[in-house]
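# Descriptive analysis of the structure
Okay, here's what each chain looks like letter by letter:
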Amino acid sequence: MPTRSPTATPRPWWRDAVIYEVYIRSLADSDGDGTGDLQGVIDRLDHIQALGVDAVWITPFFPSPGHDHGYDVSDFRGIDPAFGDTDTFRRLVDELHERGMRLLVDVVPNHTSHEHPWFQAALAEGRDGVDYRDYYLWADPAGDGGPPNNWLANFGGSAWTWEPESEQYYLHAYLPEQPDLNWRNPRVFEEWVAILEHWIELGADGFRIDVAHNLLKHPDLPDNPVLEPTRAENVPAGRVRSARGLARVYDVDQDDVVDLYTQLRARLPRTHAGEDPFLLGETVLENPERVERYLESGRLDAAMWFGTDRVPFDAAEVAQVLRTPSPDTAGRFGWFLSNHDRARPASRLGSADRALALSAAVLAMPGPYLLYQGEELGMIDLEIDPSTARDPIALRAGELDASRDRARSPIPWTDEPGRGFSSAEPWLAHGPLPEHGSAATQRGNDTSHLNRWRSLLTTWARLRDTLPVSTAVDHHDDLLTLTRGALAVQINFGTEALPLKRPAGAEALWRSQPGGDPATLRAAEAVWLYRPGEQ
């Protein structure tokens, strides 16, 4: 196995890191209330560490009324008692650091809860308020008395809600219970500097920034252009159909939003480890050139690229997505196949074998890989029942096929009815067991999905520091080959076996399926080939 050259330029820890996303309420419940918590995360760190990940991203744990399961925050510096307290958070930080892992806190700077003291003060001040009123975005009615423009909320309906006392509308990109902050107000910026400083002081190593592209809106509030109606089929989770009827020109990704991150970066202190805090932006944008703006010097470290989370199991389409980053931003796209808002890859792609094969190529791309909890088990989507649905997309809009509940069912730690998650009824129904069973069952099976993931990440950790940031991606019919220095990844996207195209002197380091003929690449199989001495 290769060793790093002593003359190689050091890379930031996150460049080819594996970051494990913990959706806290569905990982492990330590106190028997049916909802996962911070102590539950601590209790399952052996599992996370054994995977070989570099950092853990935890979803919001702040006080919240729960209209959007914690993404409607009423106190950005507090901890909801349902998840623990400050001492529990400190223990989690200490446990992670002792195990050689870092902690990323998921922050929600685009909006607050309508119960946040800032918004309550803004309501109390009225339209002529000078303290907290301008923390939010208010506008007078249009000439017909309706909303100021045609902007639509991601979770359904107008993005504007009428406030009768002041006779103005306020903006909310999501639920009416989630009013958007006005980031053009310097006081909002200063509040957020203090919030991030607070969590760095408590030990956070960085932040995943929710809807990082959303913070600024066009100051003149013009109408968005109308698009053709969205077709009913193949709608990704996370946004209702009506919200897809407009081109998002004026309410997201404004040209000057990236300047906020330059200013924020300059103000943040170093972490306990003496590092710059890692800033990972959720940039839900279809144009990669727009994503790359967030990665210019002094802005975000990495930006989530929403390309591989919906790509089909097709060699040509995967090749196109993997060729996306420009040389200037290679190593700074955050790659992933799923998260708490998206369908699970074993369901979306048709099998856990397909999901693992595709992961083997995406992981090898320069940049961090974001591994969502349960992906290592081959978990599949929860079938949404209207009577037990929890996501507001399902509850309020009635669009079950776009519900994010599908990816949020509790982790099956055991095969027993309660799945080892909680002694109580879980907050969301359990999904079907993965093909290879629960985590406990898979740990004892050398060829299980879990152990194949462990083997992949062990191989990656020993190899990644020797690889350049440049890649070449080629495909011919159903065969895709990704080459990164001495590493070549081959995937068979077809339904029939293909000859393995082994370069001269290359050794097979890892295969996504157990056994098999060394000269053959089976259907839905990936293989990592390494050529010693190749640069």
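It should be emphasised that the depicted structure is a prediction, and the values quoted were computed from it without experimental measurement.

Before going further, it helps to examine the packing of aromatic side chains. Considering all chains together, one arrives at 30 aromatic pairs under this definition. An angle of 80° between the planes, with centres 4.9 Å apart, marks the rings of Phe-306 and Phe-336 as edge-to-face. Here Phe-306 is found in the loop between strand 9 (302–304) and helix 8 (315–322), whereas its partner Phe-336 is found in the loop between strand 10 (333–334) and helix 9 (345–348), with 30 residues between them in sequence. An aromatic cluster of at least three residues, connected via ring pairs, comprises Phe-61, Phe-62, Phe-76, Phe-89, Trp-118, Tyr-132, Tyr-135, Trp-183, Phe-189, Trp-192 and Trp-199. Taking NZ or CZ as reference, Arg-25 lies 5.1 Å from the ring centre of Trp-427, over its face.

The description of two helices packed together rests on the angle between their axes and the distance between the axes. The contact between helix 10 (residues 352–363) and helix 13 (residues 449–463) brings their axes to 12 Å, and the two run at 10°. The pairing of helix 10 with helix 13 is recorded here as roughly parallel in orientation. Each of Ala-352, Asp-353, Leu-356, Ser-359, Ala-360 and Leu-363 in helix 10 lies in contact with helix 13, whose residues at this interface are His-449, Arg-452, Trp-453, Leu-456, Leu-457 and Trp-460. Within the contact of helix 10 with helix 13, the residues separate by chemical class into 8 nonpolar, 2 polar and 2 charged.

On to the pattern of salt bridges. Taken as a whole and assessed by the stated rule, the structure comprises 34 salt bridges. Across the pair Glu-282 and Arg-208 runs a salt bridge whose closest N-O atoms are separated by 3.2 Å. Here Glu-282 is found in the loop between strand 8 (278–281) and helix 7 (288–293), whereas its partner Arg-208 is found in strand 7 (residues 206–209), with 74 residues between them in sequence. Each member of the pair, Glu-282 as well as Arg-208, carries the same accessibility label: buried. With a shortest N-O distance of 3.0 Å, Glu-525 and Arg-511 are connected by a salt bridge. With Glu-525 in the loop between strand 17 (520–521) and strand 18 (526–530) and Arg-511 in strand 16 (residues 507–511), this pair connects stretches of sequence that are 14 residues apart. Judged by its relative accessible area of 0%, Glu-525 is buried. If you follow the salt bridges from partner to partner, you end up with Asp-68, Asp-341, Asp-391, Arg-404 and Arg-408 in one network.

Taken in spatial order, the 3 strands of this open sheet run 4-6-5, and their pairing is antiparallel. With one partner strand each, in any of the chains shown, strand 4 (138–139) and strand 5 (160–163) form the two edges of the open sheet. One ladder, built from 2 bridges, connects strand 4 with strand 6 (residues 168–171); its direction is antiparallel. Among the inter-strand pairings, Ala-139 is bridged to a residue of strand 6, identified as Tyr-169.

What follows concerns the pairing of strand 5. Strand residues, when the strand is regular, have side chains that alternate between the two faces of the sheet. Sheet topology note: the strand 5/strand 6 ladder contains 4 bridges and is antiparallel. If you follow Trp-162 over to strand 6, its bridge partner there is Tyr-169. Hairpin remark: strand 5 followed by strand 6, antiparallel, with 4 residues in the connecting loop; positive phi at Glu-167, about 55°.

As a further point, take the side chain of Glu-21. By secondary structure assignment, the location of Glu-21 is in strand 1 (residues 18–22). An unpaired buried charge is present at Glu-21: no salt bridge exists, and Arg-208, the closest side chain of opposite charge, is 6.3 Å distant. Every residue in contact with Glu-21, bar those within four places of it in the chain, is listed here: Trp-57, Thr-59, Asn-339, His-340, Leu-371, Tyr-372 and Gln-373.

Core analysis: the biggest nonpolar cluster contains 117 residues, and Ile-58, Phe-61, Phe-89, Trp-192, Trp-199 and Trp-528 have the highest contact counts within it. Trp-199 has contacts with Phe-61, Phe-62, Phe-76, Arg-77, Gly-78, Ile-79, Phe-89, Ala-204 and Phe-207, leaving out every residue within four places of it along the chain. Counting residues in each nonpolar core, the second largest holds 14 residues, with Ala-17, Leu-104, Phe-278 and Leu-280 among its members.

Next up on the list: a negative patch on the surface. On the surface, a cluster of negative charge is contributed by Asp-314, Glu-317, Asp-477 and Asp-478. The topology assignment puts Asp-477 in the loop between strand 12 (472–476) and strand 13 (479–484). The class for Asp-477 is exposed, based on a relative accessible area of 61%.

Take the environment of Arg-323 next. Mapped onto the fold, Arg-323 is located in the loop between helix 8 and strand 10. For Arg-323, a relative accessible area of 43% puts it in the partly exposed group. Note: C-alpha distance between Arg-323 and Val-258 (65 residues apart in sequence) is 24 Å. Sequence-distant contacts of Arg-323, defined by excluding residues within four places in its chain, comprise Val-473, Asp-474 and His-475. Within the structure, the side chain of Arg-323 is placed 2.9 Å from the backbone oxygen of Val-473, a separation counted as a polar contact.

A word on the confidence of the model for the protein. Close reading of the predicted structure is inappropriate where its pLDDT is low. Taken residue by residue, the protein gives an average pLDDT of 94. The fraction at 70 or more is 96%. Low pLDDT, under 50, characterises residues 3–8; the stretch is placed with 6 contacts to residues that sit more than four places away or in other chains.

A few words on the environment of Gly-307. In this fold, Gly-307 is placed in the loop between strand 9 and helix 8. Between the C-alpha atom of Gly-307 and that of His-272, which follows or precedes it by 35 residues, the distance is 34 Å.

Look at helix 3 (residues 86–98): 18 Å from first C-alpha to last across 13 residues, which is about the 18 Å you get at 1.5 Å a residue. Inspection of helix 3 places Thr-88, Phe-89, Leu-92, Val-93 and Leu-96 among the buried residues, and these make up the whole buried set. Taken around the axis of helix 3, the buried residues stretch over an arc of 140°, which confines them to a single face. Packing partners of the buried residues in helix 3 comprise helix 1 (38–43), helix 2 (45–51), strand 2 (55–58), strand 3 (102–107) and helix 5 (186–201). N-cap assignment for helix 3: the residue whose side-chain oxygen lies 3.2 Å from the backbone N of Asp-87 is Asp-85.

For the rest of this paragraph, the subject is the sheet that holds strand 10. Taken in spatial order, the 8 strands of this open sheet run 10-9-8-7-3-2-1-11, and their pairing is parallel. Two strands bound the open sheet, and with one partner strand each, they are strand 10 and strand 11 (369–372). When strand 7 meets strand 8, the two strands line up parallel, connected through 4 bridges. Across the sheet, the residue bridging to Arg-208 is Leu-280, located in strand 8.

This paragraph deals with the pairing of strand 1. Judged by how many residues are buried, strand 1 sits mostly within the fold: 5 of 5 residues are covered. Taken together, the 4 bridges between strand 1 and strand 11 define a ladder with parallel strand orientation. When the sheet's bridge partners are listed, Tyr-20 is paired in strand 11 with Leu-371. Pairing of strand 1 with strand 2 involves 4 bridges; the strand directions are parallel. Pairing of Tyr-20 across the sheet is with Val-56, part of strand 2.

About the cut-offs
- Residues numbered from 1 in each chain as written.
- Predicted model: local features only at pLDDT ≥ 70, side-chain atom pairs only at ≥ 80, totals over all residues.
- Heavy atoms only, no water.
- Phe/Tyr/Trp six-rings, centres within 6.5 Å; stacked < 30°, edge-to-face > 60°.
- Helix = DSSP H or I, 4+ residues; strand = E, 2+ residues; numbered from the N terminus.
- Lys NZ or Arg CZ within 6 Å of the ring centre and 35° of its normal.
- Axes fitted to C-alpha atoms, helices over the stretch in contact; angles between N-to-C directions.
- Parallel < 35°, antiparallel > 145°, perpendicular 65-115°, else oblique.
- Contact = heavy atoms within 4.5 Å.
- Nonpolar A, V, L, I, M, F, W, Y, C, P; charged D, E, K, R; others polar.
- Salt bridge = Lys/Arg side-chain N within 4 Å of Asp/Glu carboxyl O.
- Buried < 20%, exposed > 50% of the residue type's maximum accessible area, 1.4 Å probe, protein only.
- Pairing = 2+ DSSP bridges.
- Lys, Arg positive; Asp, Glu negative; His and termini not counted.
- Core = buried A, V, L, I, M, F, W, Y, C linked by side-chain atoms within 4.5 Å.
- Patch = residues over 30% accessible without salt bridge, like charges linked within 9 Å, V, L, I, M, F, W, Y side chains within 5 Å.
- Areas by Shrake-Rupley, 256 points an atom, 1.4 Å probe, with all protein chains shown as cover.
- Charge placed at Lys NZ, Arg CZ, Asp CG, Glu CD.
- Polar contact = N/O pair within 3.5 Å; in protein donor to acceptor, adjacent residues only side chain to side chain.
- pLDDT = per-residue confidence, 0-100.
- Expected span 1.5 Å × (residues − 1).
- Arc of directions from axis to C-beta.

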